[in-house]
Amino acid sequence: LSSEYPAEVDLPAPKELKPSYDVVIIGGGGHALATAYYLSKYHGVTNIAVLEKAYLGGGNTARNTAVIRSNYLTSEGVRFYAESVKLFRDLSNEFDFNIMYSERGQLTLAHTDATVRAFRQRAEVNKHFGGRTEMIDRQQIRELVPTLNLDPGHLPVLAGLWHIDGATARHDAVAWGYAKQAAKRGVEIHQLTEVQDFVVENNHVTAIRTNRGTVRCGCAVQAVAGSSSLLLNKLGIRAPIHTYPLQAMVTQPFKPFLDPLVSSSALHCYVQQTSRGEIVIGGGSDPYPLYNTRSTLDLKESLLAHAIEMFPFMANAKLMRQWAGITDMTPDYSPIMGLSPLDNYYLDAGWGTWGFKATPICGKTMAELIASGGKVPELIAPFSLARFSTFQQVNEMGATAASH
Ligand code: FAD
């Protein structure tokens, strides 16, 4: 690892840590960098350090399959993710840096009557909040994706949920764009800087201990994806997070044959073609909790079996890469955002398998929260840590599964 930034980003050279910052943001992924950007651009807060233990955007931001969508199940979820999709559409202009936003629609397949019923509900909730989501029949699916096998084994496709707003973007570019624009406004981004412990006085985090020394802070926010519980444990904060590896893989490139993103929760698989022609294949998390980013043969075999049921010609495809990230799963498949039991410590956690699409709206709302000194924006109020004690879960399990 080098403390230099990727050439594309063109950031100022790394500096020594200052003794004190108004805001310390822990983690150097998309969420952290977006928070720094919105704070510096829209709230005039620039005395900020972003502390990243490894390299910029090298966590789940670099490992995800870039699905962007807002076709969730609950009104809280749909409103939140729809705002993110809106921000994504204009990010390349906002950054003056191409994030390769590509709107190609997302098709989710229903193989049972129960799923058809659930999709109808999702389509109606989505329409109510201005999203473009509708039910389509087999003939319409055939026209959209002629190469798709509509009768895989014991699970024929009955209908589909067609979400025209479904999109992808170059994930690294999202992190780099936020980093570049935040750094331009004075935010310091420190790579190879691991947060190891906290100094807590009178229910405040007053300082943060790192491998490069201790820094004082006015307030701090953690946006460390799969490491959320590790930091929360150091602060004695309990959260219902279980951490699982999540794997994905990519084939050799093919000529363009697949425009929409296609997913099937019954087959635990989603498939999409990148702008380079490669086919990205992903599915659900590994079946056991673990802190490890190794790839496994088991997952490769089971995922590919399902991908081939969906697109039989892929039986002859060569796999080029397989990788994993570490994902923090919550019981209701919604994030944990907002206040913590400590007065000046904020949470952007529990992002499981679905947080890339939320990067812009997380940054924007977390910045509002921090700048206001703890006034929780209405959009993220439903995602509080406290919801697990008051039984106000936001259940998105049915709309997350293998679709991310
Ligand atoms: P990260 O990018 O992981 O950033 C957190 C950073 O914190 C890391 O760089 C890490 O090194 C750093 N860190 C950790 N501990 C410390 C510490 N103690 N001190 C300092 N730094 C620390 N989401 C979607 O919306 N669509 C998808 O298609 C999708 N597909 C996915 C596929 C895979 C294989 C995986 C693994 C995830 C996928 N996700 C998807 C989920 C998504 O990637 C994450 O939810 C999202 O990237 C989280 O962003 P982040 O900025 O919070 O985390």
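Residues numbered from 1 in each chain as written. Predicted model: local features only at pLDDT ≥ 70, side-chain atom pairs only at ≥ 80, totals over all residues. Heavy atoms only, no water.

1. Focus: the overall build of the protein chain
Thinking step 1. Looking only at helices and strands, the protein chain features 11 helices and 18 strands.
Thinking step 2. Principal-axis analysis of the C-alpha atoms gives the protein chain an extent of 65 × 45 × 40 Å.
Thinking step 3. Burial statistics for the protein chain: of 404 residues in total, 56% are counted as buried.
Thinking step 4. By element, 51% of the accessible surface of the protein chain is carried by carbon and sulfur atoms, the whole surface being about 16,400 Å².
Thinking step 5. Side-chain charges in the protein chain split into 36 positive and 37 negative, and the spacing between the mean points of these groups amounts to 1 Å. (Helix = DSSP H or I, 4+ residues; strand = E, 2+ residues; numbered from the N terminus. Buried < 20%, exposed > 50% of the residue type's maximum accessible area, 1.4 Å probe, protein only. Areas by Shrake-Rupley, 256 points an atom, 1.4 Å probe, with all protein chains shown as cover. Lys, Arg positive; Asp, Glu negative; His and termini not counted. Charge placed at Lys NZ, Arg CZ, Asp CG, Glu CD.)

2. Comments concerning the site of the ligand
Thinking step 1. Within the structure, the ligand sits among 37 residues, and Glu52, Asn60, Thr61, Thr65 and Lys357 are positioned closest to it.
Thinking step 2. For the ligand, a nitrogen atom lies 2.9 Å from a polar atom in the backbone of valine 195.
Thinking step 3. Between the ligand and phenylalanine 356 there is a distance of 3.0 Å, counted from an oxygen atom to a backbone nitrogen or oxygen.
Thinking step 4. For the ligand, whose free accessible area comes to 1,000 Å², the fraction covered by protein is 97%.
Thinking step 5. Contributions of two or more residues to the shell around the ligand are made by α1 (30-42), α2 (60-63) and β12 (242-253).
Thinking step 6. Of the residues forming the shell around the ligand, the biggest block, 3 residues, is contributed by α2.
Thinking step 7. Counted by class, the shell around the ligand contains 15 nonpolar, 17 polar and 5 charged residues. (Near = heavy atom within 4 Å. Polar contact = N/O pair within 3.5 Å; in protein donor to acceptor, adjacent residues only side chain to side chain. Nonpolar A, V, L, I, M, F, W, Y, C, P; charged D, E, K, R; others polar.)

3. Observations concerning the side chain of serine 264
Thinking step 1. In this fold, serine 264 is placed in strand β13 (residues 261-264).
Thinking step 2. The class of serine 264 is buried, set by a relative accessible area of 0%.
Thinking step 3. Separated by 2.8 Å, the side chains of serine 264 and histidine 111 make a polar contact.

4. Concerning α1
Since the α-helix advances by 3.6 residues per turn, residues separated by three or four positions end up pointing in the same direction.
Thinking step 1. With 13 residues, α1 ought to run about 18 Å at 1.5 Å a step, and its terminal C-alpha atoms sit 17 Å apart, in line with that.
Thinking step 2. The element α1 is extensively covered by neighbouring structure, given that 11 of its 13 residues are classed as buried.
Thinking step 3. Residues Gly30, His31, Ala32, Leu33, Ala34, Thr35, Ala36, Tyr37, Tyr38, Leu39 and Ser40 constitute the buried set of α1.
Thinking step 4. Among the residues trailing α1, glycine 44 stands out with phi positive, at a value near 65 degrees. (Expected span 1.5 Å × (residues − 1).)

5. Remarks on the packing of aromatic side chains
Thinking step 1. Counting across every chain of the model gives 18 aromatic pairs.
Thinking step 2. Taking the centre distance of 6.4 Å and the plane angle of 85 degrees together, the rings of tyrosine 37 and tyrosine 42 count as edge-to-face.
Thinking step 3. By relative accessible area, which is 48% here, tyrosine 42 ends up partly exposed.
Thinking step 4. Note that arginine 69 overlies the ring of tyrosine 72, its terminal NZ or CZ placed 4.3 Å from the centroid. (Phe/Tyr/Trp six-rings, centres within 6.5 Å; stacked < 30°, edge-to-face > 60°. Lys NZ or Arg CZ within 6 Å of the ring centre and 35° of its normal.)

6. Details of the packing of α1 against helix α7 (residues 171-184)
Thinking step 1. At a minimum axis separation of 8 Å, α1 and α7 run at an interaxial angle of 35 degrees. With respect to the hand of their crossing, α1 and α7 are arranged in left-handed fashion. Of the residues in α7, those in contact with Gly30, Leu33, Ala34, Ala36, Tyr37, Tyr38 and Ser40 of α1 are Ala175, Tyr178, Ala179, Gln181 and Ala182. (Axes fitted to C-alpha atoms, helices over the stretch in contact; angles between N-to-C directions. Left-handed = near helix turned anticlockwise from the far one by under 90°. Contact = heavy atoms within 4.5 Å.)

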